[in-house]
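Now for the letters of each chain:
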Amino acid sequence: VDDAVVIGAARSEVQARLVTASAAVAAGRPAPPLAEIQGLLDRLGDVAGVESWWITAEVANTFGVAAWRDLARRRVAALLPRSGRYRDALARAAERRLG
């Protein structure tokens, strides 16, 4: 996180903060407030469009927040029409992660 902040890499910073928060939950440590995670997920859509759907899905699963799973579904739905020959693979990947 610190390195990403220093070099001004917003994409890496947001992703690193989400990984750090998810790791805290997995380890049984306190995580940032859900409002902070929501803010990071909002930023994620702006800085990491293509992978934002599956990162959002992983965070939703880790924190158990249904609204974030819905956000992940909306993000992948927005990608599907633009995914060309990868559409079927993307749809299968989304089904595996989001059910």
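Quick caveat, the model's predicted, so the values are computed rather than measured. (Residues numbered from 1 in each chain as written. Predicted model: local features only at pLDDT ≥ 70, side-chain atom pairs only at ≥ 80, totals over all residues. Heavy atoms only, no water.)

### Quick look at the overall build of the protein
Part 1: In terms of helices and strands, the protein carries 6 helices and 0 strands.
Part 2: Along the protein, from the amino end to the carboxyl end, the secondary structure elements read α-α-α-α-α-α.
Part 3: Taken over C-alpha atoms, the radius of gyration comes to 14 Å for the protein, in line with the 13 Å a tight globule of 99 residues would show.
Part 4: With the C-alpha coordinates aligned to their principal axes, the bounding extent of the protein is approximately 40 × 30 × 20 Å.
Part 5: Intrachain contacts of the protein at a sequence separation of at least 6 include 53% that bridge at least 24 residues.
Part 6: For the protein, the separation between the mean place of its 14 positive charges and that of its 11 negative charges on side chains is 7 Å. (Helix = DSSP H or I, 4+ residues; strand = E, 2+ residues; numbered from the N terminus. Rg over C-alpha atoms; globule rule 2.2 N^0.38 Å. Contact = heavy atoms within 4.5 Å. Lys, Arg positive; Asp, Glu negative; His and termini not counted. Charge placed at Lys NZ, Arg CZ, Asp CG, Glu CD.)

### Overview of the packing of helix α4 (residues 49-63) against helix α6 (residues 87-98)
Part 1: Packing of α4 against α6 brings their axes to within 10 Å, and their N-to-C directions diverge by 10 degrees. Between α4 and α6, the angle is such that the two are roughly parallel. The residues of α6 that touch α4, namely those facing Trp53, Trp54, Ala57, Glu58 and Asn61, are Leu90, Ala93, Ala94, Arg97 and Leu98.
Part 2: In the contact of α4 with α6, the residues fall into 7 nonpolar, 1 polar and 2 charged. (Axes fitted to C-alpha atoms, helices over the stretch in contact; angles between N-to-C directions. Parallel < 35°, antiparallel > 145°, perpendicular 65-115°, else oblique. Nonpolar A, V, L, I, M, F, W, Y, C, P; charged D, E, K, R; others polar.)

### As for the nonpolar core
Part 1: The biggest cluster of nonpolar side chains holds 15 residues, and the ones touching the most others in it are Leu18, Ile37, Leu41, Leu44, Val59, Phe63 and Trp68.
Part 2: Residue assignment for this core shows that the elements contributing at least two residues are α2 (10-26), α3 (34-47), α4 and α5 (66-79).
Part 3: Excluding residues that lie within four positions of it along the chain, Ile37 makes contacts with Leu18, Ala21, Pro32, Val59, Phe63 and Trp68.
Part 4: By size, the runner-up hydrophobic cluster in this structure holds 10 residues, among which are Ala72, Val76, Leu79 and Leu80. (Core = buried A, V, L, I, M, F, W, Y, C linked by side-chain atoms within 4.5 Å. Buried < 20%, exposed > 50% of the residue type's maximum accessible area, 1.4 Å probe, protein only.)

### Observations regarding the packing of α2 against α3
Part 1: Between α2 and α3, whose axes approach to 9 Å, the crossing angle comes to 145 degrees. Read as a crossing pair, α2 and α3 show a hand that is left-handed. Contacts between α2 and α3 involve Ala10, Arg11, Glu13, Val14, Gln15, Arg17, Leu18 and Ala21 from the former and Ile37, Leu40, Leu41, Arg43, Leu44 and Val47 from the latter.
Part 2: Across the contact of α2 with α3, the residue classes break down as 9 nonpolar, 1 polar and 4 charged. (Left-handed = near helix turned anticlockwise from the far one by under 90°.)

### As for the pattern of salt bridges
Part 1: Counting across every chain of the model gives 5 salt bridges.
Part 2: Here Glu13 makes a salt bridge to Arg17, at a shortest N to O gap of 2.9 Å. Pair noted here: Glu13 and Arg17 are both in helix α2, with a separation of 4 residues, about one helical turn.
Part 3: By sharing partners, the salt bridges in this structure join Glu13, Arg17 and Arg43 into a single network. (Salt bridge = Lys/Arg side-chain N within 4 Å of Asp/Glu carboxyl O.)

### So, the confidence of the model for the protein
Detailed reading of the predicted coordinates is not advisable wherever pLDDT falls low.
Part 1: With 100% of its residues at a pLDDT of 70 or more, the protein shows a mean pLDDT of 95.
Part 2: Ranking the helices and strands of the protein by mean pLDDT puts α5 first, with 97, and helix α1 (residues 2-7) last, with 93. (pLDDT = per-residue confidence, 0-100.)

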